[in-house]
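Chains, contacts and geometry: an overview
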Amino acid sequence: MSQYRIITDIYYDGCIPITVYVVQKRVRSFLCHRWIAIKGYEDKSRAVNLLDILKGGKL
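This section reports on the structure supplied with the text. (Residues numbered from 1 in each chain as written. Predicted model: local features only at pLDDT ≥ 70, side-chain atom pairs only at ≥ 80, totals over all residues. Heavy atoms only, no water.)

1. Regarding the overall build of the protein
The helix and strand tally for the protein stands at one helix and three strands. Overall, the protein shows an N-to-C arrangement of helices and strands of β-β-β-α. Counting only C-alpha atoms and orienting by the principal axes, one finds that the protein spans roughly 40 × 30 × 15 Å. Here the protein holds 59 residues, and 17% of them are scored as buried. Considering only residue pairs separated by 6 or more positions, the protein has 24% of its internal contacts joining residues 24 or more positions apart. About 4700 Å² of surface is accessible on the protein, with carbon and sulfur atoms providing 54% of the total. (Helix = DSSP H or I, 4+ residues; strand = E, 2+ residues; numbered from the N terminus. Buried < 20%, exposed > 50% of the residue type's maximum accessible area, 1.4 Å probe, protein only. Contact = heavy atoms within 4.5 Å. Areas by Shrake-Rupley, 256 points an atom, 1.4 Å probe, with all protein chains shown as cover.)

Take a look at the structure:
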């Protein structure tokens, strides 16, 4: 399994729902695994760029 992923989530800006692309990291513990959000973007390309950097890819 990979340690990083991008998920889509709906957040609210006041009363207006917006789609946010959230970059998450998997954290391992003794009994279970959980995902922690690193950063959220409204633009998918910015989330993909951050994911490439975290995986050791291009800058």
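2. Some thoughts on the packing of aromatic side chains
All told, the structure shown has zero aromatic pairs when counted by the stated rule. One Lys or Arg, R5, reaches over the ring of W35 and ends 4.0 Å from the middle of that ring. (Phe/Tyr/Trp six-rings, centres within 6.5 Å; stacked < 30°, edge-to-face > 60°. Lys NZ or Arg CZ within 6 Å of the ring centre and 35° of its normal.)

3. Section: the environment of P17
Of note, P17 is situated in strand β2 (residues 16-28). Spatially, the C-alpha atom of P17 lies 20 Å from that of R46, the residues being 29 residues apart in sequence.

4. A closer look at the sheet that holds strand β3 (residues 33-41)
Spatially, the three strands line up as an open sheet ordered β1-β2-β3, and their pairing is antiparallel. Either end of the sheet is taken by a strand with one partner, and the two such strands are β1 (4-13) and β3. On average, adjacent strands in this sheet sit at an angle of 40 degrees to one another, irrespective of strand direction. As defined by bridge partners, β2 adjoins β3 across eight bridges and the pair is classed as antiparallel. Bridged to K25 within β3 is I36. (Pairing = 2+ DSSP bridges. Axes fitted to C-alpha atoms, helices over the stretch in contact; angles between N-to-C directions.)

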